[in-house]
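Take a look at the letters that make up each chain.
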Amino acid sequence: MKKMIISALIASMIAMAAVTGCGSSSAKPQEEAKEAAQEEQMMEQTEDVRDAEAPEASTADAAALDPATEDHAAAEMTAGPIETEEVSVFGTETAAETDEPGSVYPEFHYTGEDHYIETIWTYFQDNYSRYYEKEDVSVPAILILDEDDSDPDDIKVWGVFSLFNYDVEGKTLLNLSGGDYPGLVHLKADGDSFEVTGIDLVEDGMDYSSSANQIFGEKEGLAEKFWNSDEKQEEARADFLKMYIRDNNLDIDAYQDYGWNPVPLK
């Protein structure tokens, strides 16, 4: 707007000079016009400089008058570089994402009244289950034939210690692998808990009978009890399976060995 007013004034001056200068030399109007043009150019340059400096001055003045700006600048000078925390966009892995998939069925735990069976089962599971392929369910069948706890440092438990691995088919446990380990387990008392310190197992093959008589013959009548324990072993097997089903509220009602009919559990 200022430029337009200045240009209009200069144009008026030139026009007046032209009117009043009629009959005189034309050099003077030309000089006046030249001077007016130079003056206009200088005024325009001055105006441009003012326009360019005005925002910077306004910004600087506003910053100088704003206490928050001064505090922020002082904080930047004293606090040093700002540290940033790197945040992963992938989140945190959960146990479900990192853990290897396992059986959907819970592990067996003995909940009966015998003091030693849970410790014995844990020992057999840790030391013998690795010889079998992992199936859906592993449940022992432990038949205790006799016990001697007169020496807490050498508690003796004679029995037939069996391990069975099952797959679940509908409501039936299909026996796929396992083994019987008759013998003598040695334990040591440790407060209210126990530790297996050794085990004497009946040997396989031709030495089976002689080693069984040696281990179970330590106590009178025990060897005969062992040789006539087949039916008791099956009863113990069914009892342990019923315990497992009951404790875990499973809808299973039978077990079955290969080539045999299912055996009801309820």
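Okay, helix 8 (residues 230-248) next. Between the first and last C-alpha of helix 8 there are 28 Å, a value that for 19 residues agrees with the 27 Å anticipated at 1.5 Å per step. Buried residues of helix 8: Q233, A236, R237, A238, F240, L241, M243, Y244 and I245, and no others. On its buried face, helix 8 sits against helix 5 (117-128), strand 1 (137-148), strand 2 (155-169), strand 3 (172-190) and strand 5 (254-256). Phi for N249, located one or two positions after helix 8, is positive at around 55 degrees.

Attention now goes to the pattern of salt bridges. If you walk through the whole model with that rule in mind, you get seven salt bridges. The partner of K171 in a salt bridge is D251, with the nearest N and O atoms 3.6 Å apart. With K171 in the loop between strand 2 and strand 3 and D251 in the loop between helix 8 and strand 5, this residue pair connects regions lying 80 residues apart in the sequence. Its relative accessible area of 42% is what places K171 among the partly exposed residues. The salt bridge partner of K232 is E235, with a shortest N-O separation of 4.0 Å.

Moving on, we come to empty space enclosed by the protein. This structure, assessed with the given rule, holds one cavity of 30 Å³ or more. Estimated volume of the largest cavity: approximately 40 Å³. Those elements that place two or more of their residues in the lining of the largest cavity are helix 5, strand 1 and strand 2. Ranked by the residues each element gives to the lining of the largest cavity, the list is headed by strand 2, at three residues. The residue makeup of the lining of the largest cavity, split by class, is seven nonpolar, one polar and no charged.

Within the element layout of this structure, N175 appears in strand 3. Of note is the side chain of N175, whose polar atom sits 3.4 Å from the backbone nitrogen of S177. In terms of polar contacts, N175 uses its side chain to reach the side chain of D257, at 2.9 Å. Apart from residues lying up to four places away in sequence, N175 is in contact with F164, N165, Y166, R237, Q256, D257 and Y258.

Counting through the fold element by element, E224 comes out in helix 7 (residues 222-227). Residue classification places E224 among the exposed positions, given a relative accessible area of 58%. Separated by eleven residues in sequence, E224 and N213 have C-alpha atoms that sit 8.8 Å apart.

The rules we used
- Residues numbered from 1 in each chain as written.
- Predicted model: local features only at pLDDT ≥ 70, side-chain atom pairs only at ≥ 80, totals over all residues.
- Heavy atoms only, no water.
- Helix = DSSP H or I, 4+ residues; strand = E, 2+ residues; numbered from the N terminus.
- Expected span 1.5 Å × (residues − 1).
- Buried < 20%, exposed > 50% of the residue type's maximum accessible area, 1.4 Å probe, protein only.
- Contact = heavy atoms within 4.5 Å.
- Salt bridge = Lys/Arg side-chain N within 4 Å of Asp/Glu carboxyl O.
- 1 Å grid on protein atoms, 1.4 Å probe; cavity = no way out; pocket = protein on both sides within 12 Å on 5 of 7 lines; lining within 4 Å.
- Points joined across faces, edges and corners; volume = space filled by probe spheres on them.
- Nonpolar A, V, L, I, M, F, W, Y, C, P; charged D, E, K, R; others polar.
- Polar contact = N/O pair within 3.5 Å; in protein donor to acceptor, adjacent residues only side chain to side chain.

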